[in-house]
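If you want the building blocks of each chain, they are given just below.
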Amino acid sequence: MAVKTMPPQAQPHHHARPRRGGSSRVMPRLKTTLVAAAAYVIALLFLFPYVVMLLTSLRSQESLRDVTFWPQEWVWSNLADFWGSGLAGNLWVTIKVAGGSTILVLLVALPAAYYSARHNFRGRTAFLILVLITQMFQPTAMVVGIYREFFQFGLVDSIWALILVNGGFNLAFAVWILNAYFSSIPRELEEAAFIDGNGRFGALFRITLPLAMPGVITALIFTFIAAWNEFVVALTLTTTTANQPLPVALNSFIGQYQVDWQNLFAGSVIATIPVIILFALIERKVVGGLTAGSIK
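Residues numbered from 1 in each chain as written. Predicted model: local features only at pLDDT ≥ 70, side-chain atom pairs only at ≥ 80, totals over all residues. Heavy atoms only, no water.

1. Concerning helix α8 (residues 200-211)
Defined as follows: Per the convention used, a helix needs a DSSP run of H or I reaching at least four residues, while a strand needs a run of E reaching at least two, with both numbered from the N terminus. Residue count minus one, scaled by 1.5 Å, sets the expected span of a helix. Summary of the burial criterion: residues with accessible area below 20% of their type's maximum are buried, those above 50% are exposed, and those between are partly exposed, where the area comes from a 1.4 Å probe applied to protein chains only. Directions are taken from the helix axis to each C-beta atom, and the arc is the one they span. Should any heavy atoms of two residues lie within 4.5 Å, those residues are counted as being in contact.
With 12 residues, α8 extends 15 Å from end C-alpha to end C-alpha; this agrees with the ideal 16 Å at 1.5 Å per step. Among all positions of α8, only Ala203, Leu204, Thr208 and Leu209 are buried. Down the axis of α8, the buried set is contained in an arc of 145°. They therefore lie on one face. Across α8 from its buried face, at more than 90 degrees, point the exposed residues Phe205 and Arg206. On its buried side, α8 packs onto α3 (87-118), α6 (159-184), α7 (187-195) and α9 (213-229).

Written as structure tokens, this is what we have:
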């Protein structure tokens, strides 16, 4: 029995899809690699001054002018001498000023930001603009007036004066970022809490604040770092060494004819460690607070 076959031109044939090759996969990988390499280069550029500061703090007085990058002799006693120089008390003053300023800012900014985010009261826009305008003033331009004001109240050379000044100058940023974060939280969540029997404060502490915690942490860390590093106002308002924050007290290593570089950098390294630890612990919350509302 003969089997009928279709002519060659009538036989169905399938065109194989051309393979695109690995170009579509290589390009994203190459882009990712280049972005990662650029990020590492930028990170190294920012970290390099801190590495130099750390290495200088471990040099001896005689090797400060050496051209070598690594110290020929590691003097670990420079870090230990920090505690014997009396600057440990100034470090404690810095912790109290930064911590007190942060607590003051949160106590004032949280209710102000929440109320302005939930109520369209008369003058709301003017209030937020006024808060933003206060952020434009720098303590350096107002230092004379600040000193005179605290002198009249008898608060010169007082830790409370530093807490009030740092809290006041960081309040605007906290109000703005918390206002934006509270505004991004749906009101329906609070209304559901009202139905469940919670009052305004119950809904705030049980629903809204936990959801707004990344924004609260962001305001906290930025206020703490700004108060920790503040120098000009602290230099003006403090007259005794015992009440000076560490950034001001480190100025004592700078003499008229000589600078004690290794001890100055040793104190700077110790002053940097608490901020690094704090930022490392809550870094994820800070990123979440800064990017809130960017992804819909």
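Structure's up, so let's keep going.
2. Describing the packing of aromatic side chains
Selection rule: Here a Phe, Tyr or Trp ring, Trp counted by its six-membered ring, pairs with any other such ring whose centre lies within 6.5 Å, and the pair is stacked when the planes are under 30 degrees apart, edge-to-face when over 60, and tilted otherwise.
Within this structure, the stated rule accounts for eight aromatic pairs. Centroid distance Trp74 to Trp76: 6.2 Å. Interplanar angle 15°. Geometry classified as stacked. Assessed through its relative accessible area of 55%, Trp76 is described here as exposed. Ring plane angle 85° and centroid distance 5.5 Å describe the contact between Tyr114 and Phe182, whose orientation is recorded as edge-to-face. Residue Tyr114 is found in helix α3, and its partner Phe182 is found in helix α6; the two are separated by 68 residues along the sequence. As far as burial versus exposure is concerned, Tyr114 and Phe182 are alike and both buried. An aromatic cluster is defined as three or more aromatic residues linked by ring pairs; in this entry it consists of Trp70, Trp74 and Trp76.

3. Observations regarding the packing of α7 against α8
The condition that has to hold: Note on definitions: angles span 0 to 180 degrees between N-to-C directions of axes, and those axes are lines fitted to C-alpha atoms, for helices only across the stretch in contact. What sets the label is the angle itself: under 35 degrees gives roughly parallel, over 145 gives roughly antiparallel, 65 to 115 gives roughly perpendicular, and the rest give oblique. In this scheme, a crossing is called left-handed if the near helix is turned counterclockwise away from the far one by less than a right angle; it is called right-handed if the turn is clockwise. Polarity classes work like this: nonpolar for Ala, Val, Leu, Ile, Met, Phe, Trp, Tyr, Cys and Pro, charged for Asp, Glu, Lys and Arg, and polar for all others, with Gly in that last group.
Running from N to C, α7 and α8 point in directions that differ by 140°, and their axes come no closer than 9 Å. Looking at the two axes, α7 sits oblique to α8. The way α7 lies across α8 gives a crossing that is right-handed. On the side of α7, the interface is formed by Leu189, Glu190, Ala193 and Phe194, while α8 contributes Arg200, Ala203, Ile207, Thr208 and Leu211. Looking at the contact of α7 with α8, its residues break down into six nonpolar, one polar and two charged.

4. Overview of the UniProt feature "transmembrane region" (unreviewed entry) in the protein chain
Here is the rule: UniProt positions are given in the numbering used here, feature names are shortened, and annotations may be inferred rather than shown by experiment.
Under the present numbering, the feature "transmembrane region" (unreviewed entry) in UniProt falls on residues 34-55, 91-115, 127-147, 159-182, 203-228 and 264-282. Secondary structure content for residues 203-228 is 96% helix and 0% strand, and the end C-alpha separation is 33 Å.

5. Notes on the pattern of salt bridges
Put simply, the rule is: For salt bridges, the criterion is a side-chain nitrogen of Lys or Arg within 4 Å of an Asp or Glu carboxyl oxygen.
Using the criterion set out here, one finds one salt bridge in the structure. A salt bridge links Glu190 to Arg118; the shortest N-O distance between them is 3.4 Å. Linking Glu190 in helix α7 with Arg118 in helix α3, this pair joins segments that are 72 residues apart in sequence. Both residues of the pair, Glu190 and Arg118, count as buried.

6. Considerations on the side chain of Ser158
Applied cut-off: Two N or O atoms count as a polar contact when they lie within 3.5 Å, although within protein this holds only if one can serve as hydrogen donor and the other as acceptor, and sequence-adjacent residues are included solely when both atoms are side-chain atoms.
With respect to the helices and strands, the residue Ser158 is situated in the loop between α5 (143-152) and α6. Residue Ser158 is classed as buried on the basis of its relative accessible area, which comes to 15%. Only 3.2 Å separates the side chain of Ser158 from the backbone nitrogen of Trp160, close enough to count as a polar contact.

7. Focus on the nonpolar core
In summary, soluble globular proteins display a tendency toward joint burial of nonpolar side chains. Heads up, the condition is: Definition used in this section: a nonpolar core is a set of buried Ala, Val, Leu, Ile, Met, Phe, Trp, Tyr and Cys residues joined via side-chain atoms within 4.5 Å.
Ala109, Leu178, Phe182 and Ala219 are the most contacted members of the largest nonpolar core, which totals 20 residues. Among the elements that line this core, the one with the most residues is α6, at seven residues. Excluding residues within four positions of it along the chain, Leu178 makes contact with Ala109, Leu110, Ala113, Gly215, Val216 and Ala219. The next biggest cluster of nonpolar side chains, apart from the first, holds 15 residues, and it includes Phe82, Leu250, Leu264 and Val275.

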